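# Understanding the architecture of this molecule
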Amino acid sequence: MVVVRPGALTTVQDLGRPGYAHLGVPRSGALDTAAHALANRLVGNAAGAAALETTLDGVRLRALAPVTVAVTGAPCAVRVSGRPAAWGAPVRLPAGAELDVGRAEAGLRCYVAVRGGIAAAPVLGSRSTDLLSGLGPPVLAEGAVLAVGAAGPSAVSGADALRVPGPPVGELVLPLRLGPRADWFTGASLAALLSSGYRVSPASNRIGLRTEAGPVLARAREGELPSEGMVLGAVQVPPDGLPVVFLADHPVTGGYPVVGVVPAGPALDAAAQARPGVAVRFVPA
């Protein structure tokens, strides 16, 4: 497939590179894991097949050979050579046809799976683009050619249509398990964290969801921590006192205290779809 319009930020993503933090390599991988898995299931791929992750304004691709694709994640208009096509269902593209994934109507990120998967060269066992470390395929650019893998006998059965939850529109609720450095903050700050609200900051990206317009968390002790390991979903508090939720491209170490962790699962998938300005509320896990 040829990239006709790359969009604001379109990357190749699979399930990422877990297990290499000791080498300084982030996890990376699809931010909305459920939407990524759904797209692959719709076209009959294994769950770990590489697909495309778009950001806000979609992507346009031209098929050089007949392929089957599916678009999931943020709801959007899907067109094939100018004609409306299905979102959240398999779509057959003849050779020469153009798939246009439009602007997200809600949420941020769409997932485009093609039967056989995107056949980029794997790095440390993954085809994911990692924006923090620079590993994996480059960000999509106009004119780039995407190789598609062969859909062999290992491909699973596809599906006509499957239900998927919509992205957070009014409020993003994040369950929070306090620790390991909750004792670095005052009791009043912890109470405010779990009873007040924030907003998603425009500075958010694949590395982390940044917050704004909420209570600043006050320290109960002075000084700084030695750098320690960071995990997916860690809620780190930088000097400005506003929580940052680490997403797939997060650094593997950090020196700011982690007040708690959002467990991996539906909440982090929803965080991947939360637009700037969406209300954020932390609740006890």
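My aim in this report is to walk through the structure given alongside it, one point at a time. Since the model is a prediction, treat every value here as computed from it, not as a measurement.

Turning our eyes to something else, we now look at the nonpolar core. With 40 residues, the main nonpolar core has Leu172, Leu174, Leu209, Val245, Val262 and Phe282 as its most contacted residues. Looking at this core, the elements with two or more residues in it are helix 1 (33-43), strand 10 (110-114), strand 11 (171-178), helix 2 (187-193), strand 12 (197-200), helix 3 (266-272) and strand 19 (279-284). The greatest single-element share of this core, amounting to five residues, is contributed by helix 1. Apart from the residues within four sequence positions on either side, Phe282 is in contact with Leu174, Leu176, Leu193, Leu194, Tyr198, Val235, Pro243 and Val245.

It is worth spelling out the pairing of strand 4 (residues 59-62) at this point. Only one face of strand 4 is buried: it carries Val59 and Leu61, and the other face, with Arg60 and Arg62, is open. Where strand 1 (residues 2-5) meets strand 4, three bridges bridge the pair, whose relative direction is antiparallel. Bridging from a neighbouring strand, Val3 pairs with Leu61 of strand 4. Where strand 4 lies against strand 9 (residues 98-104), four bridges are found, and the strand directions are antiparallel. In the sheet register, Arg62 faces strand 9, and the bridge partner there is Glu98.

It is worth spelling out the sheet that holds strand 2 (residues 11-13) at this point. Either a parallel or an antiparallel arrangement is found when strands of a sheet pair, and the pairing is made through backbone hydrogen bonds. In space, the five strands of this open sheet follow the order 2-3-10-5-8, with antiparallel pairing throughout. Taken across any chain shown, the strands that pair with only one partner, and hence form the sheet edges, are strand 2 and strand 8 (91-93). For this sheet the average axis-to-axis angle between neighbouring strands, irrespective of direction, equals 35°. Bridge count between strand 5 (residues 67-73) and strand 10: five bridges; the pairing is antiparallel. When the sheet's bridge partners are listed, Ala70 is paired in strand 10 with Ala113. Those strands touched by helix 1 are strand 2, strand 3 (51-53), strand 5 and strand 10, and its axis lies near 155° from that of strand 5.

This next bit is on unusual backbone geometry. Pro180 follows Gly179 through a cis peptide bond whose omega is 10°. Relative to the helices and strands, Pro180 is located in the loop between strand 11 and helix 2. Phi is positive for Ser28, which is not a glycine, with a value near 55°. On the secondary structure map, Ser28 appears in the loop between strand 2 and helix 1.

Rules and cut-offs
- Residues numbered from 1 in each chain as written.
- Predicted model: local features only at pLDDT ≥ 70, side-chain atom pairs only at ≥ 80, totals over all residues.
- Heavy atoms only, no water.
- Core = buried A, V, L, I, M, F, W, Y, C linked by side-chain atoms within 4.5 Å.
- Buried < 20%, exposed > 50% of the residue type's maximum accessible area, 1.4 Å probe, protein only.
- Helix = DSSP H or I, 4+ residues; strand = E, 2+ residues; numbered from the N terminus.
- Contact = heavy atoms within 4.5 Å.
- Pairing = 2+ DSSP bridges.
- Axes fitted to C-alpha atoms, helices over the stretch in contact; angles between N-to-C directions.

Geometry only, nothing functional implied.
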